[in-house]
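Spelled out from the first residue to the last, the chains are:
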Amino acid sequence: MDFTFTEEQRAAAEAARGVFAGVVPDAVPSPALTTGAVAEGFDRELWSRLAGADLLSLLLDEAHGGSGLDAIALCLVLRESAKVLARVPLLEHSAAAAAVQAYGGAELTESLLARAGRGELVLTVAANGRSGHDPAELAVTARREGPAWVLDGVQTAVPWAYDADLVVVPAHVEGTAADRTVLALVPREQDGVVLAEQVSTSGERLAELRLTSVRIEAGQVIEADGAWQWLYALLATGTCALALGLGERVLRMTAEYTGKREQFGYPIATFQAVAVQAADRYIDLRAMEATLWQAAWRIASGASGALPAAGDVAVAKIWAAEGVRRVVQTAQHLHGGFGADTDCPLHRYHAWAKHLELALGPAAAHEERLGDLLAAHPLG
């Protein structure tokens, strides 16, 4: 097998590095010093630069003004974004648009995708369910009423909901099998839609999305089998890419600090106890990277395996959740009191890492999913 990235994938990562080069993680108030959200909305200036660099249309076909790239390219870009704590809905927007392209009808794709690729229309996804452990598709029910669908239920911790034009909401179809799920594109301003503010550990503004008899026209609902499972897999894998990028940046910060901080006349990086801890975290990052690219490759290629692609996604998310937590904890320890100082950006990375650890469910939730898959698909 060839594990190298293609020229187009490397070009996407290079373009991302150029766009994110000027981003400052300390551009908004510290979540440690703010009782509410650190800002009302995301970084619109950065959003415009991403659109100008064609990074919002990365997964879209050329017919919709996109680059026609895959999940691996998106993960490379997300990895770069996390190194600077980029405050944009790049993952949710890109994944939602890709799902519409792959599973939506012709009318929906024509009306939405080109605008989404230019950043004129902002998309997000309600994928957390009620707690992060329970399946998100069971938090909302959908039923047909004439030419429309009617939605009822609650989704929590919806990212960027106050900024998005449309929220992609998975919903279980009443009276059908447990896996019968549709994806409804719900306008933020719609009768029966109520947002209640929640705040992430990173200080970003989330929302509890309450739906009460919300009517959505059939043309705005994706009914294709497998659409939600595919979208969820892409979201989870993208979250792993964010965790990897953040962890790599934190380990770099730790190496720079311990290489300069001296005790007893020597840099503390030369002490065995420090070196061993840093080496353990490096191993974590390499495991996070290997499992991430395995999952992204399964999504991009559609290749078969001993388990469905959801198994590789679960393994990647387990490593990402546990690994990024260990990386930031070790970094805080090796930075000493300086790491907790709000003048040092490390505490922001710690706060973002906790959000990524829990996003779409903690490691335990994905261990349960992996166990279910192993029970359903016994390995020979």
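Here we summarise the structure given alongside this text. From a predicted model like this one, the values you see are computed outputs, not experimental measurements.

### Digging into empty space enclosed by the protein
Now for step 1: Under the criterion given, the structure shown has two cavities of 30 Å³ or more.
Now for step 2: Size it by volume and the largest cavity reaches roughly 50 Å³.
Now for step 3: Every residue along the wall of the largest cavity is listed here: P25, V28, P29, P31, V38, L85, R87, S202, E204, R348 and W352.
Now for step 4: Classifying every residue of the lining of the largest cavity gives seven nonpolar, one polar and three charged.
Now for step 5: Considering the residues around the second largest cavity, the lining is formed by L56, S57, L58, L59, L60, S94, A97 and A98.
Now for step 6: Of the residues that constitute the lining of the second largest cavity, the class distribution is six nonpolar, two polar and no charged.

### So, the pattern of salt bridges
Now for step 1: By the definition in use, this model includes 27 salt bridges.
Now for step 2: The partner of E45 in a salt bridge is R49, with the nearest N and O atoms 3.4 Å apart. Of the two residues, E45 and R49 both sit in helix α2 (residues 44-52), four residues apart, roughly one turn of that helix.
Now for step 3: Here E45 falls in the exposed class, since its relative accessible area comes to 59%.
Now for step 4: Under the relative-accessibility criterion, R49 is labelled partly exposed at 33%.
Now for step 5: The residue E80 makes a salt bridge to K83 at a minimum N-O spacing of 3.4 Å. One end of the pair is E80 and the other is K83, both in helix α3 (residues 71-83) and three residues apart, which spans about a single turn.
Now for step 6: Its relative accessible area of 10% is what places E80 among the buried residues.
Now for step 7: In the salt-bridge network here, residues are joined through shared partners; they are E14, R17, R79, E80, K83, E248, R286 and E289.

### Considerations on the packing of aromatic side chains
A ring pair, where both rings are aromatic, is described by two values, the distance of the centres and the angle of the planes.
Now for step 1: Following the criterion strictly, the structure yields six aromatic pairs and no others.
Now for step 2: One aromatic cluster in this structure is built from F42, W47 and W160.
Now for step 3: Here the guanidinium or amino end of R286 rests over the ring plane of Y282, the centre of that ring lying 4.9 Å away.

### Considering helix α1 (residues 7-20)
Now for step 1: With 14 residues, α1 extends 20 Å between its outermost C-alpha atoms, agreeing within 8% with the 20 Å of an ideal straight helix rising 1.5 Å per residue.
Now for step 2: Q9, A12, A13, A16, V19 and F20 are the residues of α1 that are buried. Viewed end-on, α1 has its buried residues packed into an arc of 120 degrees, placing them on one side of the element. The exposed set on the far side of α1, more than 90 degrees from its buried face, consists of E7 and G18.
Now for step 3: Structurally, α1 contributes buried residues whose contacts are with α2, α3 and α4 (90-103).

Conventions and cut-offs
- Residues numbered from 1 in each chain as written.
- Predicted model: local features only at pLDDT ≥ 70, side-chain atom pairs only at ≥ 80, totals over all residues.
- Heavy atoms only, no water.
- 1 Å grid on protein atoms, 1.4 Å probe; cavity = no way out; pocket = protein on both sides within 12 Å on 5 of 7 lines; lining within 4 Å.
- Points joined across faces, edges and corners; volume = space filled by probe spheres on them.
- Nonpolar A, V, L, I, M, F, W, Y, C, P; charged D, E, K, R; others polar.
- Salt bridge = Lys/Arg side-chain N within 4 Å of Asp/Glu carboxyl O.
- Helix = DSSP H or I, 4+ residues; strand = E, 2+ residues; numbered from the N terminus.
- Buried < 20%, exposed > 50% of the residue type's maximum accessible area, 1.4 Å probe, protein only.
- Phe/Tyr/Trp six-rings, centres within 6.5 Å; stacked < 30°, edge-to-face > 60°.
- Lys NZ or Arg CZ within 6 Å of the ring centre and 35° of its normal.
- Expected span 1.5 Å × (residues − 1).
- Arc of directions from axis to C-beta.
- Contact = heavy atoms within 4.5 Å.

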